[in-house]
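Read off the chains here:
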Amino acid sequence: MLSDAPRRQLAGPIAALIERLPKVELHVHLEGTLEPELAYELAARNGIPMPYASAAEMRRAAMEFTSLQSFLDVYYAACAALVTRADFRDLTLAYLERANADGVRHVEPFFDPQTHTDRGVAIDDVIGGILDGLAEGERRYGITSGLIMSFLRHLPPEAADVTLSAAEPWLDRLVAVGLDSSEVGFPPEPFAGTFARARSLGLKAVAHAGEEGEAELVARTLDALAVSRVDHGVRAAEDPALVRRLAECGVTLTACPNSNVRLRVFPTMDRSPIKRLLDAGVAVTVNSDDPAYFGGYIGDNYRAIAAALGLTAAELGRLAANAINGSFASAERKRELFDELALALAGGE
Ligand code: HPA
Ligand code: ZN
């Protein structure tokens, strides 16, 4: 199963509340929603060889990660299946169908353009296809969205800058830039110039930090990149002064419980600091990261953390409210989502 965490039974009313919550997903990589079956279907459509003999083999490999890097190796290899604009649309729509089943009402997904442009895929096909999928998903399911373009930190900062320039025709369709991939050995400071330029072009900024990297990297990310949210950020819990800083400045942390256990950031779910961060007044949220690889979508993450930490209805409500508040949705959309949350917490439909 998902983890070796001691499994506590979820009380019926808590499970029902999690079902009802209007969910806002702030940390999901579209490439990380590529289920093995879709990867193999697209690879066959495009005549692309895949690194495993079958979808089942790929699924088995996805059970055996021991670190962020061992995951990223499989994740980047599977991306070879994504070639055409239609592929990116299909990927996005497949995610939104699952998200809708989980009660997601608004999503701000990441994509990694460099993973595709470095293979010769046109950035217009990547962004255009994703936007096609997001628009169709809003028509079908009413899920609103804001798209985040992430830079790969294991590549040179100059490459991030080139990518920002290449995306210029699309910037008014993006909401933010992000920073992901291998954290240890790839600090935030070299990306400060590109992030400043992105902000001057009207984009918000978010960045991964404090996943495999220590608490100090969360502080350095706040200082160097002026981010509105820290993706993961959970290792900040190791530094009480930093926890106070996060509570005071109100920066949102986008935690991903199943991902953290799968990639061994924590040995078991009950070691997650999500409740401690919440108690300390930090704006922490629950998200899925790479759900095709980590054993479940956002609802599974809510259920796993609620069971392991014995979260109350009020605490689940605060997690959901933090996600609405920390999103880049318009004030009007946030009001709608808060109204839906109030109904869910009152027990209504
Ligand atoms: N961390 C860093 N980079 C990533 C991740 C992650 O969890 N998922 C996809 N790219
Ligand atoms: Zn991530």
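Scroll up to find the structure this text is about.
Below is a short write-up of the structure. None of the values given here were measured: they were computed from a predicted structure.

Attention now goes to the site of ligand 1. Taken together, H29, L68, F71, L72, Y75, D180, S181, H208, E211, H232, D289 and D290 are the residues near ligand 1. Contacts to ligand 1 include S181, whose backbone N or O atom sits 2.8 Å from a nitrogen atom. One nitrogen or oxygen atom from the side chain of E211 is found 2.8 Å from a nitrogen atom belonging to ligand 1. In isolation ligand 1 has 260 Å² of accessible area, and contact with the protein removes 100% of it.

Further remarks concern the state of the cysteines. Overall, the coordinates contain 0 disulfides when judged by the stated rule. With no disulfide of its own, C79 lies 17 Å from the sulfur of C256, the closest cysteine sulfur. Accessibility expressed as a relative area gives 0% for C79, which makes it buried. For the unlinked cysteine C249, the closest cysteine sulfur is that of C256, found at 19 Å. Looking at C249, the relative accessible area reads 44%, which means it is partly exposed.

Let's shift gears to empty space enclosed by the protein. Per the stated rule, a full pass over the model turns up 1 cavity of 30 Å³ or more. The volume enclosed by the largest cavity comes to roughly 110 Å³. It is helix α4 (residues 68–78) that provides the largest number of residues to the lining of the largest cavity, a total of 5 residues.

The next point concerns the environment of H116. With respect to the helices, strands and loops of the structure, H116 is situated in helix α6 (residues 113–117). The class for H116 is buried, based on a relative accessible area of 0%. In this structure the C-alpha to C-alpha distance between H116 and V126, which are 10 residues apart in sequence, comes to 7.6 Å.

Enumeration over the complete set of coordinates arrives at 9 aromatic pairs. Judged by centre distance (6.3 Å) and plane angle (85°), the rings of F65 and F294 are edge-to-face. One end of the pair, F65, is in the loop between α3 (55–61) and α4; the other, F294, is in the loop between β10 (283–286) and α14 (298–309), with 229 residues separating them in the sequence. Here the two residues F65 and F294 agree in accessibility, since each one is buried. Measuring from centroid to centroid gives 4.8 Å for F71 and F294, while their planes differ by 55°, and the two rings are tilted. Highlighted residues: F71 in helix α4 and F294 in the loop between β10 and α14, separated in sequence by 223 residues. The buried category is assigned to F71, whose relative accessible area is 3%. Overall, the relative accessible area of 0% leaves F294 in the buried class. The structure contains a cluster of three or more aromatic residues connected by ring pairs, namely F65, F71, Y75, Y76, Y293 and F294. Note that R229 overlies the ring of F328, its terminal NZ or CZ placed 4.3 Å from the centroid.

It is worth spelling out the pattern of salt bridges at this point. Enumeration over the complete set of coordinates arrives at 23 salt bridges. Ionic pairing is found between R229 and E108, a salt bridge with its closest N-O pair at 2.8 Å. With a gap of 121 residues between them, R229 in strand β8 (residues 229–232) and E108 in the loop between β2 (104–107) and β3 (110–111) connect regions that are remote in the sequence. Overlapping salt bridges bring together E35, E37, R59 and R98 as one network.

What follows concerns helix α10 (residues 215–225). Across the 11 residues that make up α10, a large majority, 8, are buried. Within α10, burial applies to A215, L217, V218, A219, T221, L222, A224 and L225. Buried positions along α10 lie against β6 (174–180), α9 (192–200), β7 (204–209), β8 and α11 (240–249). Of the residues trailing α10, A226 is marked for its positive phi of about 50°.

The strands making up a sheet associate through backbone hydrogen bonding, with each pair oriented either parallel or antiparallel. Strands sit in the order β3-β5-β6-β7-β8-β9-β10 across an open sheet of 7 strands; the sheet is parallel. Only two strands of the sheet have a single partner each, and these edge strands are β3 and β10. As judged from the 2 bridges shared by β6 and β7, these two strands associate in the parallel manner. The residue bridging V177 from the neighbouring strand is A205, located in β7. Helix α7 (residues 123–141) rests against β3, β5 (147–152) and β6 of the sheet, and its axis sits at about 150° to β5.

Definitions and cut-offs
- Residues numbered from 1 in each chain as written.
- Chains lettered and ligands numbered in written order.
- Predicted model: local features only at pLDDT ≥ 70, side-chain atom pairs only at ≥ 80, totals over all residues.
- Heavy atoms only, no water.
- Near = heavy atom within 4 Å.
- Polar contact = N/O pair within 3.5 Å; in protein donor to acceptor, adjacent residues only side chain to side chain.
- Areas by Shrake-Rupley, 256 points an atom, 1.4 Å probe, with all protein chains shown as cover.
- Disulfide = S-S within 2.5 Å.
- Buried < 20%, exposed > 50% of the residue type's maximum accessible area, 1.4 Å probe, protein only.
- 1 Å grid on protein atoms, 1.4 Å probe; cavity = no way out; pocket = protein on both sides within 12 Å on 5 of 7 lines; lining within 4 Å.
- Points joined across faces, edges and corners; volume = space filled by probe spheres on them.
- Helix = DSSP H or I, 4+ residues; strand = E, 2+ residues; numbered from the N terminus.
- Phe/Tyr/Trp six-rings, centres within 6.5 Å; stacked < 30°, edge-to-face > 60°.
- Lys NZ or Arg CZ within 6 Å of the ring centre and 35° of its normal.
- Salt bridge = Lys/Arg side-chain N within 4 Å of Asp/Glu carboxyl O.
- Contact = heavy atoms within 4.5 Å.
- Pairing = 2+ DSSP bridges.
- Axes fitted to C-alpha atoms, helices over the stretch in contact; angles between N-to-C directions.

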